[in-house]
Amino acid sequence: MKTATIWLLVLLVMAFVSGCGCGDDDDDNDSSVPVDDDTTDDDADDDNADDDTADDDDDTGPPSVTTVLTLDLEYRNTAQFVLTQKGDDLTATLTAGAGFGDEWLPAGEMKFGKGRVMTFPEAKFEIHNVRFEGGAVAGSPCGDQSVTYELTLTGQTASRERIGAVACYCGQDTSARPAALLRIKTKFPEE
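So, how was this worked out
Residues numbered from 1 in each chain as written. Predicted model: local features only at pLDDT ≥ 70, side-chain atom pairs only at ≥ 80, totals over all residues. Heavy atoms only, no water. Pairing = 2+ DSSP bridges. Helix = DSSP H or I, 4+ residues; strand = E, 2+ residues; numbered from the N terminus. Core = buried A, V, L, I, M, F, W, Y, C linked by side-chain atoms within 4.5 Å. Buried < 20%, exposed > 50% of the residue type's maximum accessible area, 1.4 Å probe, protein only. Contact = heavy atoms within 4.5 Å. Disulfide = S-S within 2.5 Å. Polar contact = N/O pair within 3.5 Å; in protein donor to acceptor, adjacent residues only side chain to side chain. Salt bridge = Lys/Arg side-chain N within 4 Å of Asp/Glu carboxyl O.

Colleague: What should I look at first to understand the pairing of strand β4 (residues 111-120) in this one?
Modeller: Successive residues of a regular strand alternate their side chains across the two faces of the sheet. Examined bridge by bridge, strand β3 (residues 89-96) and β4 share six bridges and lie antiparallel to one another. Within the sheet, the bridge partner assigned to Leu94 lies in β4 and is Lys111. Strand direction decides the pairing type here: β4 and strand β5 (residues 125-136), joined by eight bridges, are antiparallel. Note that in β5 the partner of Gly113 across the bridge is Phe132. Linking two consecutive strands that pair antiparallel, namely β4 and β5, is a turn of four residues; a positive phi of about 55° is found at Lys124 within it.

So, in structure tokens, the structure goes:
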């Protein structure tokens, strides 16, 4: 009896959720075409209406801000770090130049990553942290294992200068001690 009651409740909840329009933040102008709001642009009118005034798009949030930084890598090389921030979420690319650190970051090979920015208003301090997945690097101390990178930049929010490091890990486990640590410094552009 208990099992039948539980299944009946599960079926009722499933029927309610599938018919309630939960998670669909569009207005009811066109209910015949389902729209996945998470795939629309922030500026797009996502209710399938003919004009943009029919719906105030409620997929709003902070705008994306892209910053291009040149990282000094161990004072002997540079890397381009393109950082896109939307709220606390980060996406980034990292491309090292030829020279020091090639055994970890091959020159000209673009790495793609995601991360977070953590702000500490009481200390006027912030930390940018991005994890990059990489493949095996020929000639690296990791051998055939893939190399995983974790880039961290820290600094005072009132200052444009940031310091940090790129931690290089053999394999996917970033909780262990890194196999190499490449120190970095940069300066955010003036606003």
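Still to come is the rest of the account.
Colleague: What exactly am I supposed to notice about the nonpolar core here?
Modeller: Taken as a class, soluble globular proteins show a tendency for nonpolar side chains to be buried jointly. Counting residues in hydrophobic clusters, the biggest one holds 27 residues, and the most contacted among them are Phe81, Leu94, Phe132, Tyr149, Leu151 and Cys168. Excluding its chain neighbours within four sequence positions, the residues that come into contact with Tyr149 are Trp104, Leu105, Pro106, Lys111, Val130, Arg131, Phe132, Gly134, Val137, Val166, Ala167 and Cys168.

Colleague: Which parts of the structure should I look at to understand the environment of Thr67?
Modeller: Turning to its location among the elements, Thr67 is positioned in strand β1 (residues 65-73). By relative accessible area, which is 13% here, Thr67 ends up buried. Other than its neighbours up to four places away in sequence, Thr67 contacts Phe81, Val82, Leu83, Phe188 and Pro189.

Colleague: Which parts of the structure should I look at to understand unusual backbone geometry?
Modeller: One non-glycine residue with positive phi stands out, namely Glu74, at about 55°. Here Glu74 shows up in the loop between β1 and β2 (77-86). According to the relative accessible area criterion, Glu74 is buried, its value standing at 6%. Positive phi outside glycine occurs at Lys124, with the angle close to 55°. In this fold, Lys124 is placed in the loop between β4 and β5.

Colleague: I would appreciate a short explanation of the state of the cysteines in the present structure.
Modeller: Throughout the structure, instances matching the rule amount to one disulfide. Bridging Cys142 to Cys170, the disulfide has an S-S length of 1.9 Å. One quick way to see it: the torsion about the S-S bond of Cys142 and Cys170 is about -80°, and its sign makes the bridge left-handed. Linking Cys142 in the loop between β5 and β6 (146-156) with Cys170 in strand β7 (residues 161-170), this pair joins segments that are 28 residues apart in sequence. Looking at the unpaired Cys168, the closest cysteine sulfur is the one in Cys142, lying at 7.9 Å.

Colleague: Explanation requested: the side chain of Lys111 in the structure shown.
Modeller: Counting through the fold element by element, Lys111 comes out in strand β4. There is a polar contact of 2.4 Å between the side chain of Lys111 and the side chain of Glu109.

Colleague: Before we go on, may I ask you to explain the pattern of salt bridges in this structure?
Modeller: Tallied over the entire structure, the rule returns nine salt bridges. Glu74 is the partner of Arg183 in a salt bridge, and the nearest nitrogen-oxygen pair spans 2.6 Å. You can see Arg183 sitting in strand β8 (residues 180-187) and its partner Glu74 sitting in the loop between β1 and β2, a full 109 residues away along the chain. Assessed through its relative accessible area of 48%, Arg183 is described here as partly exposed. Across the pair Asp89 and Arg116 runs a salt bridge, and its minimum N-O distance is 2.3 Å. Of this pair, Asp89 sits in strand β3 while Arg116 sits in strand β4, and the two are 27 residues apart along the sequence. Looking at Arg116, the relative accessible area reads 42%, which means it is partly exposed. Each of Glu74, Arg76 and Arg183 takes part in a single network of salt bridges with overlapping partners.

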